[in-house]
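This is what each chain is made of:
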Amino acid sequence: MSYDSAKAAFADWGVDTEAALERLKTLPISMHCWQGDDVVGFEETSGASGGGIQATGNHPGRARTPDELRADLDFAYSMIPGKHRLNLHAMYLDTEATPDRDEIEFQHFAPWVDWAKDQGIGLDFNPTFFAHPKADDNLTLSHPDRGIRDFWVEHGRRSRDIAAKMGAALDSPCVNNIWVPDGYKDTPIDRMSARARLEASLDAMLANPQDKAQMLDAVESKLFGIGVEACTVGSHEFYMGYAIRKGTLLCLDMGHFHPTENIADKLSSVALSLDEILLHVSRPMRWDSDHVILLNDDILQMAQELVSAELLGRTRIGLDFFDATISRTAAWVIGTRNMQKALLRALLLPLEQLKSAEDNLDFTTRLAVTEEIKDMPFGAVWEEFSARAGVPNGQALIKELDRYQSSVAGRN
Ligand code: RNT
Ligand code: ZN
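Not measured: the values here are computed from a predicted model.

Chemist: Could you give an account of the nonpolar core, naming the residues involved and the relevant values?
Modeler: Counting residues in each nonpolar core, the largest one holds 120 residues, and the members touching the most others are Leu86, Leu279, Val281, Met339 and Leu343. The leading source of residues in this core is helix H10 (residues 328–347), at ten residues. Among all residues touching Leu279, those that are not within four sequence positions of it are Leu252, Ile263, Leu267, Met302, Leu306, Thr315, Arg316, Ile317 and Gly318.

Chemist: Describe the site of ligand 1, with residues and values.
Modeler: In the neighbourhood of ligand 1, the contacting residues comprise Trp34, Ile53, His89, Trp179, Glu220, Lys222, Asp253, His256, His280, Asp288 and Asp320. In the model, an oxygen atom of ligand 1 is placed 2.8 Å from a nitrogen or oxygen of the Glu220 side chain. Here an oxygen atom of ligand 1 sits 2.8 Å away from a polar atom, N or O, in the side chain of Asp320. Alone, ligand 1 offers 310 Å² of accessible surface; in the complex the protein occludes 99% of this. For the shell around ligand 1, a count of residues per class yields three nonpolar, three polar and five charged.

Chemist: Report on the coordination of the zinc ion (ligand 2), specifying residues and quantitative values.
Modeler: The coordination sphere of the zinc ion (ligand 2) contains the protein donors Glu220 (OE), Asp253 (OD), His280 (ND1) and Asp320 (OD), at a distance range of 2.1 to 2.2 Å. Relative to the metal, the six donor atoms surrounding the zinc ion (ligand 2) lie at angles of 71 to 168°, and the coordination shape comes out octahedral. All donors of the zinc ion (ligand 2) come from a single chain, and their spacing in sequence reads E-x32-D-x26-H-x39-D. Of this pair, His280 sits in strand E9 (residues 277–281) while Asp320 sits in the loop between strand E12 (315–319) and H10, placing them 40 residues apart in sequence.

Chemist: How would you summarise helix H8 (residues 263–271) if you had to cite specific residues and measurements?
Modeler: Turning to H8, its buried residues number three or more, namely Ile263, Ala264, Lys266, Leu267, Val270 and Ala271. Buried residues in H8, looked at end-on, bunch into an arc of 155°, giving them a common side. In the core, the buried residues of H8 are packed alongside helix H7 (236–246), strand E8 (249–253), E9 and helix H9 (297–308).

Chemist: Give me the lowdown on the pairing of strand E4 (residues 174–178), citing residues and values where you can.
Modeler: The buried fraction of E4 is high, at five of five residues. Going residue by residue along E4, you find Cys174, Asn176 and Ile178 tucked away on one face and Val175 and Asn177 tucked away on the opposite face as well.

Chemist: Quick one: what's the story with unusual backbone geometry, residue by residue and with numbers?
Modeler: Located in the positive-phi region is Asp290, a residue other than glycine, with phi close to 55°. Tracing the backbone shows Asp290 in strand E11 (residues 287–291). The phi dihedral of Glu310 is positive, around 55°, even though this residue is not glycine. Positionally, Glu310 belongs in the loop between H9 and E12.

Chemist: How would you explain the pairing of E12 if you had to name every residue and give the values?
Modeler: The element E12 is largely enclosed, with a buried count of four among its five residues. Here strand E1 (residues 29–32) pairs with E12 via two bridges, running parallel. In the sheet register, Ser30 faces E12, and the bridge partner there is Gly318. In terms of strand pairing, E9 meets E12 through five bridges, oriented parallel. Bridge assignment links Val281 to a residue of E12, and that residue is Leu319.

Chemist: Describe helix H5 (residues 146–170), with residues and values.
Modeler: In this model, H5 (25 residues) spans 36 Å end to end at C-alpha, consistent with the 36 Å of a helix rising 1.5 Å per residue. Backbone geometry just after H5 places Asp171 at a positive phi near 55°.

Chemist: Break down a nonpolar patch on the surface for me, with residues and values.
Modeler: Together, Leu223, Phe224, Ile226 and Trp287 line one region of the surface with nonpolar side chains, adding up to about 360 Å² of accessible area. Summarising the element assignment, Phe224 is placed in the loop between strand E6 (215–220) and strand E7 (231–232).

Cut-offs used in this document
- Residues numbered from 1 in each chain as written.
- Chains lettered and ligands numbered in written order.
- Predicted model: local features only at pLDDT ≥ 70, side-chain atom pairs only at ≥ 80, totals over all residues.
- Heavy atoms only, no water.
- Core = buried A, V, L, I, M, F, W, Y, C linked by side-chain atoms within 4.5 Å.
- Buried < 20%, exposed > 50% of the residue type's maximum accessible area, 1.4 Å probe, protein only.
- Helix = DSSP H or I, 4+ residues; strand = E, 2+ residues; numbered from the N terminus.
- Contact = heavy atoms within 4.5 Å.
- Near = heavy atom within 4 Å.
- Polar contact = N/O pair within 3.5 Å; in protein donor to acceptor, adjacent residues only side chain to side chain.
- Areas by Shrake-Rupley, 256 points an atom, 1.4 Å probe, with all protein chains shown as cover.
- Nonpolar A, V, L, I, M, F, W, Y, C, P; charged D, E, K, R; others polar.
- Donors = N, O, S within 2.8 Å, 3.2 Å for Na, K, Ca; no water.
- Tetrahedral: all angles 85-135°; square planar, octahedral: opposite > 155°, others 65-115°.
- Arc of directions from axis to C-beta.
- Pairing = 2+ DSSP bridges.
- Expected span 1.5 Å × (residues − 1).
- Patch = residues over 30% accessible without salt bridge, like charges linked within 9 Å, V, L, I, M, F, W, Y side chains within 5 Å.
- Salt bridge = Lys/Arg side-chain N within 4 Å of Asp/Glu carboxyl O.

Purely spatial values, then, with no claim about function.
Put into structure tokens, the structure is as follows:
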């Protein structure tokens, strides 16, 4: 179907496709660097995983250097309509120096900032509290040993400082997201002390006020991880309370809840108590497996909530998945485009009609509209969006993904 026919079909439902396309253009997705190299990073000791995070698969083409990772990102961005962001982890420094985590500085990330400037994209940041000998017990900010806690607090402080400098250099606030693996494999006897230590460490890390125009603090909870099955110190309740009391962003990762829980349902609840939200869009399969996101119901419902509850203006959308069994660049491209497609579908819903049916307790109309609308030509509107951005679709896209993958397959 042509875009013009699609436009007319949506207009029949009272939906303005041009307005949807304009809005979608303004929504950056923060693409995570770690899909490109299986969460390894560029530290001297890289290769050490930990914290329950492990990419599986050995598809050829893993980026081994910052230059390779940037080349892969350049390609991925060229296959995704719009301007997006890059989400960096502290272990992805780009320098000849070999600072330990408590020694990192802005200069160790300067090439990333130069590159982001050239690309006209914003950066987000994460301290890395895993894949390090001082995290071997799966305890960092909540470790009973003061020296270990202090080491990680210093890492976190420096990360905030680096994030603020990135935000200032790029004139776009950099979200600094804190996730720690802390927890216990077997049932702890003193959860309270562990949580009190985590809170005290976070307070120490966040003590230095930062300009919100430069950086924003976020905290990410988790239900459980490999090796910390019995107790995660930074649970949802812990961080929700913390974020509300301290005014940080709360990061909701789609893999960090019980499989029957749904992030889409949580957004409006937490949004009443928080200024801003960070999302880690992911696809858990049976557990926090971080599969590449599909255009499935979970993602559609989440995008629908963001639009319906008018949360787009105060939600940062980040991705968090890693699959090493397929082309890593294709994973980025497919996942990011799916997030955009979900947002587009949400922006194309006849929301007024649906909301008014619901207000009138007319659940029949709500259901009928929801289901009829599924046959609408969303694909034609997406085609138009990508064509305007000069980005291929369908078989042309698959050819490009394949061509790029062949060009990197010789890396070993
Ligand atoms: C881990 C968290 C966290 C990490 C990244 C690499 O379970 O989801 O966000 O995936 O920091
Ligand atoms: Zn996450």
